[in-house]
Amino acid sequence: MKFIQNILDKTRPAVTTGKLKPLYPLHNALETMMFVPDHTAHSGAHVRDSIDLKRTMVTVIFALVPAMIFGMWNTGYWHFTALGVESTLMENFLYGVQILLPMIIVTYAAGLGVEILFSYLRKHPVNEGFLVSGMLIPLIMPADIPLWMVAISTIFAVLIGKEVFGGTGMNILNPALTARAFAFFAYPSWMSGDQVWISGLKSGEGVVDGFSGATALGQYAAGSEAPAIGGQALDAYHAFIGQIPGSIGETSTLAILIGAIMLIASGIGSWKIMLSGVAGALTMGLIFNLVADYAISTDQQVYMALPFWQHLVYGGFAFGIVLMATDPVSAAQTEKGKWIYGFLTGIFCIMIRVFNPAFPEGVMLAILFMNVMAPLIDHYVIQANVKKRQKRAQLATANS
């Protein structure tokens, strides 16, 4: 890495005061991605302790690695299973690499392109915030979504979800979930249904006759009490391991749990949001279990009767509550607010899953809704604290 640092040092005068000055944001972005910068932030997200923004982003990316590696294997596994072809562990993994790597390249190219453009227009360095978003977006997409849709969704998320609010540290919504929400509403046939969660199933070429790609939650929403694909059960055990169809990086609760431990141990992820989110999901799941007999339809009754704890391992709940809801920018900032924010995220996630038959997954909408509500939660928490102190001061004055 020394020779790269030497190249950057030699070219720095040319981009700071020389003829190549317009290239300074690009030069700075490359340098700060590989080395510790020798300057401090002046706007947006600030250093809160010894861990700067870049170290925060790198830690989150490391936490994503277990889910990413398993997701690549799982993508290949279900592809070959749909074709009725036996495959090795390496063949499954390499097929997943072939699917995921182009999506990561396209996401970074599209997102960083917008980031660099705004750094030119606003005359500030490129922020490291997109390092995590660029990795999150491919992991929450179906395997076969066209790359141009990924690019447009990413550009929309960076442009509308972040830059119009002032850039990194100023956005209201989680950028990665904004990209997914845009793709979901703009290209619904590529983001929902039974054919999009297994690579190759949508084209149908070589697929085993009668093979269905419905997710476990999709089958529960349709009234199935024992979801399965091709004779393989999609029970809670397989869901915890991650051997179920779904978005590339969201299926393995076990891999996500490893990432959660890394985030909590490093102090990057809020354990209060994670724990309260789990508590909210369990509470809502338990309420549905108690009132399942009163459901308005048989299909909904089956979904409501799903053992409350199994909501934690199905769908994108674990990925969302660990890696998306804990976004330090769009989540609640006060300590009490984090408990409220996380608990309501869990509540709404399970509620949307069960009540919306057309969308048997609710974590995306739940987190985006709570992103919008987070400033209001913080406001009332702070106001309550101010009133409590005022009352304490009045009592102290009266007793003196």
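The name recorded for the chain in an unreviewed UniProt entry is Na(+)-translocating NADH-quinone reductase subunit B, from Phaeocystidibacter marisrubri. The UniProt entry for the chain carries the following text under Function (unreviewed entry): "NQR complex catalyzes the reduction of ubiquinone-1 to ubiquinol by two successive reactions, coupled with the transport of Na(+) ions from the cytoplasm to the periplasm. NqrA to NqrE are probably involved in the second step, the conversion of ubisemiquinone to ubiquinol." Quoted straight from UniProt, the Subcellular location (unreviewed entry) entry for the chain says "Cell membrane".

## Some details on the nonpolar core
Of all hydrophobic cores here, the largest spans 101 residues; its most connected members are Phe319 and Tyr341. Residue contributions to this core peak at 13 residues, all from helix H3 (residues 53-83). Setting aside its immediate chain neighbours within four residues, Phe319 contacts Leu64, Leu136, Leu139, Ile140, Gly249, Glu250, Ile256 and Met324.

## Quick notes on the UniProt feature "transmembrane region" (unreviewed entry) in the chain
The sites that UniProt annotates as "transmembrane region" (unreviewed entry) are residues 56-73, 93-118, 130-160, 253-271, 278-296, 308-326, 338-356 and 362-382. Span residues 130-160 is 77% helix and 0% strand, its end C-alpha atoms 14 Å apart.

## Quick notes on the UniProt feature "modified residue: FMN phosphoryl threonine" (unreviewed entry) in the chain
Here, the residues flagged by UniProt with the feature "modified residue: FMN phosphoryl threonine" (unreviewed entry) are Thr215. Its location among the elements puts Thr215 in the loop between helix H8 (188-191) and helix H9 (216-221). Among all residues touching Thr215, those that are not within four sequence positions of it are Trp197, Leu234 and Pro245.

## Details of the domain arrangement of the chain
Accessible area lost upon the coming together of the parts is a frequently used measure of interface size. One can read the domain layout of the chain as domain 1 (2-34), domain 2 (53-241) and domain 3 (268-399). Here the C-alpha centre of domain 3 lies 24 Å away from the C-alpha centre of domain 2. Contacts between the two partners involve 35 residues from domain 2, matched on the other side by 26 residues from domain 3. The contact between domain 2 and domain 3 buries some 2,600 Å² in all, and 79% of this surface belongs to carbon and sulfur atoms. If you sort the residues of domain 2 by the area they bury against domain 3, Leu177, Leu217 and Tyr220 come out on top, with a joint share of 26%. Across the domain 2-domain 3 interface, the total number found is 4 residue pairs in polar contact (both at pLDDT 80 or more). Of all the secondary structure elements, the ones that give two or more residues to the side of domain 2 that touches domain 3 are H3, helix H5 (130-139), helix H7 (175-186), H9 and helix H10 (236-241). Ranked by residue count, the leading element in the side of domain 2 that touches domain 3 is H7, at 8 residues. Along the lines of polarity and charge, the residues of the side of domain 2 that touches domain 3 split into 23 nonpolar, 9 polar and 3 charged.

## A look at the side chain of Asn371
Assignment of secondary structure puts Asn371 in helix H16 (residues 363-399). Of the residues examined, Asn371 reaches a relative accessible area of 1% and is grouped as buried. At 3.1 Å, the side chain of Asn371 and the backbone nitrogen of Asn174 are in polar contact. From its side chain, Asn371 meets the backbone oxygen of Ser330 in a polar contact 3.3 Å long. Once you skip the residues sitting within four places of it in the chain, Asn371 turns out to touch Ile172, Leu173, Asn174, Ser330 and Tyr341.

## Focus: the packing of aromatic side chains
The relation between two aromatic rings is expressed through the spacing of the ring centres and the mutual angle of the planes. Under the defined criterion, the tally for this structure stands at 14 aromatic pairs. Where Phe182 meets Tyr187, the ring centres are 6.2 Å apart and the plane angle is 80 degrees; that geometry is what we call edge-to-face. The class of Phe182 is partly exposed, set by a relative accessible area of 21%. Here Phe184 and Phe185 contribute two aromatic rings whose centre-to-centre distance is 5.0 Å and whose plane-to-plane angle is 85 degrees, an arrangement assigned as edge-to-face.

## Section: a nonpolar patch on the surface
Side chains of Ile155, Leu159, Ile160, Val164, Phe165, Met170, Ile172 and Val372 sit close together on the surface and give an oily, nonpolar patch of about 630 Å² of accessible area. Of the residues forming the nonpolar patch, the biggest block, 3 residues, is contributed by helix H6 (residues 147-161). Mapping Ile155 onto the fold places it in helix H6. Residue classification places Ile155 among the partly exposed residues on the basis of a relative accessible area of 34%.

## Side note on the environment of Val291
Tracing the backbone through its elements, the reader meets Val291 in helix H12 (residues 271-291). On the basis of relative accessibility, which here comes to 33%, the residue Val291 falls in the partly exposed class. Separated by 88 residues in the primary sequence, Val291 and His379 have C-alpha atoms spaced 34 Å apart.

What counts and what doesn't
Residues numbered from 1 in each chain as written. Predicted model: local features only at pLDDT ≥ 70, side-chain atom pairs only at ≥ 80, totals over all residues. Heavy atoms only, no water. UniProt positions renumbered as here; feature names shortened; annotations may be inferred. Core = buried A, V, L, I, M, F, W, Y, C linked by side-chain atoms within 4.5 Å. Buried < 20%, exposed > 50% of the residue type's maximum accessible area, 1.4 Å probe, protein only. Helix = DSSP H or I, 4+ residues; strand = E, 2+ residues; numbered from the N terminus. Contact = heavy atoms within 4.5 Å. Domains from an automatic or database assignment. Buried area = accessible area lost by both parts, 1.4 Å probe. Polar contact = N/O pair within 3.5 Å; in protein donor to acceptor, adjacent residues only side chain to side chain. Nonpolar A, V, L, I, M, F, W, Y, C, P; charged D, E, K, R; others polar. Phe/Tyr/Trp six-rings, centres within 6.5 Å; stacked < 30°, edge-to-face > 60°. Patch = residues over 30% accessible without salt bridge, like charges linked within 9 Å, V, L, I, M, F, W, Y side chains within 5 Å. Areas by Shrake-Rupley, 256 points an atom, 1.4 Å probe, with all protein chains shown as cover. Salt bridge = Lys/Arg side-chain N within 4 Å of Asp/Glu carboxyl O.

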